[in-house]
Amino acid sequence: MINQSDADFFHVDVMDGNFVPNISFGIPTVQAVAKHAQKPLDVHLMINNPDQYIQAFADLGTTYLTVHYEACTHLHRTIQAIKAAGMKAGVALNPHTPVHLLEEVIQDLDMVLIMSVNPGFGGQKFITAAVEKVAKLKQLINTKGANTIINVDGGVNTDTGKQLVDAGADVLVAGSFVFKSESPAATISALKSL
Ligand code: ZN
């Protein structure tokens, strides 16, 4: 269904039960998705010590690899390692982490993922402050002349999605809203048309 839909990416949430309070799945499952995916894999690592797994995700065909700001003590090094492995680099920000902390690395980033819920579970309520964060991030990207795309993840539907797109979001990540809808493909099209 996703292959045939208007979706641009397969966004895959990997959770380790350590950085976040939930466990989703690991490398063999992502490998199985990669085998069938005809669109780029956008892997969101909600895990501690992501550096340890960079090569494994590169090997299975990941296009975008996103790590959490809060999980990386040496973020610059992690970003360089992702790129050296041939992938595009993304950094995700939890709701409490301000956008300005990316000032020194924004030019190296292909993607920033704004979390509009606390990571760990699907189906949570949208945190409205994310809209202003997207606008601030867009401003930072423009000021620095970066080519970074803005993703937003959590509580996305056509209402919150519209606000996010108006604020400067490039990519909307939607789970429950798509997969619990009557026609997931039509819901994806509706999000794409915002
Ligand atoms: Zn995600």
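In case you missed it, the structure is sitting above this.
What counts, and where the lines are drawn
- Residues numbered from 1 in each chain as written.
- Predicted model: local features only at pLDDT ≥ 70, side-chain atom pairs only at ≥ 80, totals over all residues.
- Heavy atoms only, no water.
- Donors = N, O, S within 2.8 Å, 3.2 Å for Na, K, Ca; no water.
- Tetrahedral: all angles 85-135°; square planar, octahedral: opposite > 155°, others 65-115°.
- Helix = DSSP H or I, 4+ residues; strand = E, 2+ residues; numbered from the N terminus.
- Buried < 20%, exposed > 50% of the residue type's maximum accessible area, 1.4 Å probe, protein only.
- Contact = heavy atoms within 4.5 Å.
- Polar contact = N/O pair within 3.5 Å; in protein donor to acceptor, adjacent residues only side chain to side chain.

Colleague: So what exactly am I meant to see when it comes to the coordination of the zinc ion here?
Modeller: Here the zinc ion is held by H11 (NE2), D13 (OD), H44 (ND1) and D153 (OD), and the distances to it run 1.9 to 2.2 Å. If you look at the zinc ion, its 4 donor atoms make angles of 93 to 157° with each other, and the shape they trace is irregular. Read in sequence order, the donor residues coordinating the zinc ion give the pattern H-x1-D-x30-H-x108-D. Separated by 140 residues along the polypeptide, D13 in strand β1 (residues 10–15) and D153 in strand β6 (residues 149–153) bring together distant segments of the chain.

Colleague: Please clarify how the environment of M111 should be interpreted in this entry.
Modeller: With respect to the element layout, M111 can be found in strand β5 (residues 111–115). C-alpha separation for the pair M111 and D166, spaced 55 residues apart in sequence, amounts to 18 Å.

Colleague: Got a minute to help me understand the environment of D13 in this structure?
Modeller: On the basis of relative accessible area, D13 is assigned to the partly exposed category, the value being 23%. Between the C-alpha atom of D13 and that of A92, which follows or precedes it by 79 residues, the distance is 12 Å. When residues no more than four places from it in sequence are discounted, the contact partners of D13 are S24, F25, H44, M46 and D153. Here H11 takes part through its side chain, which lies 3.0 Å from a polar atom of the side chain of D13. Polar contacts involving the side chain of D13 include one to the side chain of H44, which spans 3.0 Å.

So far we have only geometry, and geometry alone does not tell us how the molecule works.
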